[in-house]
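As a plain string of letters, each chain reads:
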Amino acid sequence: MNNPFDFRGKITLVTGAASGMGLATATAFAEAGAAVVMADFREEAVTTEASKLTSLGHIVIALRCDVSDDVQVEQMVQRLVAEFGRLDAAFNNAGVMARIVPTADSTREEWDRVTGINLRGVWSCMKYELRQMERQGSGAIVNNASVGALTGNPGIGAYIASKHGVVGLTRTAALEYIKKGIYVNAVNPGLIDTQIARDVVSGNEQAYSDIADQVPIGRAGRPEEIASAVLWLCSPAASYVVGQAITVDGGMTVG
């Protein structure tokens, strides 16, 4: 049997690729042989990370893209197709955390900021990715949701709502496009060791450690563990997985 995680000759796209789960996934795609377009609104940071991969012999391009801007998203996909001619797999990872505040005290500006990136940004990326994949008759998309898509969490209503929306959007698009050869799924990361996770506790290492200790597996997840799930969902090994939100959380949501 051929190695299902051999992505040689495949063209991939990762948003929010300058750090964390996005960077880990872009790296995993590159190491599996894919050409990777790394997109992030932090142009200098994503260019630096792409250069590291390029120096190792991988085919990587860095692009600046704010996923809340439809024009920039369209241009991102157009640039990718102009360079490589197709798009085989995409990880729509770009996202932000909401500022912690009770729902009644949150602002319209904060709601628009969080949902504009986390939900509308995923919709915008999918819109242009799906159009290209439909022309090809094949492709795989994985959206980054959250264990927050499975429950409530006091103080971050906009974030929780956006992640519930990502899962619903994923399931709907999966049904619309599977007969066109396009697989659409999502991942629900739990506590993953990223800067965003640490920012939630304002850099308080003891508080972060205490939260990690409460995960049944006894630690926070590594970004690479999410990357492994994404690559699996984009591979032939997941050929019967359609419209699922795969939870990768060390057991957080089991009990």
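These lines cover the structure that appears in this document, whether it is placed above or below. For clarity, every value in this text was computed on a predicted model and none was experimentally measured. (Residues numbered from 1 in each chain as written. Predicted model: local features only at pLDDT ≥ 70, side-chain atom pairs only at ≥ 80, totals over all residues. Heavy atoms only, no water.)

## Here we look at the pattern of salt bridges
- Counted by the stated rule, this structure contains 12 salt bridges.
- Asp193 serves as the salt-bridge partner of Arg198, at 2.9 Å between the closest nitrogen and oxygen.
- Residues Arg198 and Glu205 are paired through a salt bridge, measuring 2.7 Å at the closest nitrogen-oxygen approach.
- For Glu205, a relative accessible area of 48% gives the class partly exposed.
- Each of Arg99, Glu110 and Arg113 takes part in one network of salt bridges that share partners. (Salt bridge = Lys/Arg side-chain N within 4 Å of Asp/Glu carboxyl O. Buried < 20%, exposed > 50% of the residue type's maximum accessible area, 1.4 Å probe, protein only.)

## A word on the packing of helix H1 (residues 20-31) against helix H9 (residues 223-233)
- Across the interface, H1 lies against H9 with an axial gap of 8 Å and an inter-helix angle of 55°. With respect to H9, the axis of H1 lies oblique. By crossing handedness, the relation of H1 to H9 is classed as right-handed. Residues Gly20, Met21, Ala24, Thr25, Ala28 and Phe29 of H1 touch H9, and the partners they reach there are Pro223, Glu224, Ile226, Ala227, Val230 and Leu231. (Axes fitted to C-alpha atoms, helices over the stretch in contact; angles between N-to-C directions. Helix = DSSP H or I, 4+ residues; strand = E, 2+ residues; numbered from the N terminus. Parallel < 35°, antiparallel > 145°, perpendicular 65-115°, else oblique. Left-handed = near helix turned anticlockwise from the far one by under 90°. Contact = heavy atoms within 4.5 Å.)

## Notes on the side chain of Thr170
- Secondary-structure assignment places Thr170 in helix H6 (residues 157-177).
- A distance of 2.9 Å separates a polar atom in the side chain of Thr170 from a polar atom in the side chain of Asn143.
- Beyond its immediate chain neighbours, meaning those up to four positions away, Thr170 contacts Asn143, Val184, Asn185, Ala186 and Gln244. (Polar contact = N/O pair within 3.5 Å; in protein donor to acceptor, adjacent residues only side chain to side chain.)

## Concerning the nonpolar core
- Counting residues in hydrophobic clusters, the biggest one holds 40 residues, and the most contacted among them are Leu13, Met76 and Val184.
- Secondary structure elements with two or more residues in this core: strand S1 (11-15), strand S2 (35-40), strand S3 (60-64), helix H3 (70-84), helix H4 (108-118), helix H5 (120-136), H6 and strand S6 (182-189).
- Filtering out sequence-adjacent residues up to four positions away, Val184 remains in contact with Met126, Leu130, Ile141, Asn143, Thr170, Ala173, Ala174, Val242, Gly243 and Gln244.
- Residues Leu23, Ala28, Ile226 and Val230 belong to the second largest nonpolar core, which totals 34 residues. (Core = buried A, V, L, I, M, F, W, Y, C linked by side-chain atoms within 4.5 Å.)

## Examining the sheet that holds S6
- Taken in spatial order, the seven strands line up as S3-S2-S1-S4-S5-S6-S7 in an open sheet, and their pairing is parallel. Either end of the sheet is taken by a strand with one partner, and the two such strands are S3 and strand S7 (245-248). Taking the axes of each pair of neighbouring strands and ignoring which way they run, one obtains an average angle of 15° across the sheet.
- Here strand S4 (residues 89-92) runs beside strand S5 (residues 139-144); their pairing, made up of four bridges, is parallel. The residue of S5 that forms the bridge with Asn92 is Asn143.
- Where H9 meets the sheet, its contacts fall on S4, S5, S6 and S7, and the angle it forms with S6 comes to roughly 160°. (Pairing = 2+ DSSP bridges.)

Taken by themselves, the reported measurements are silent on function.
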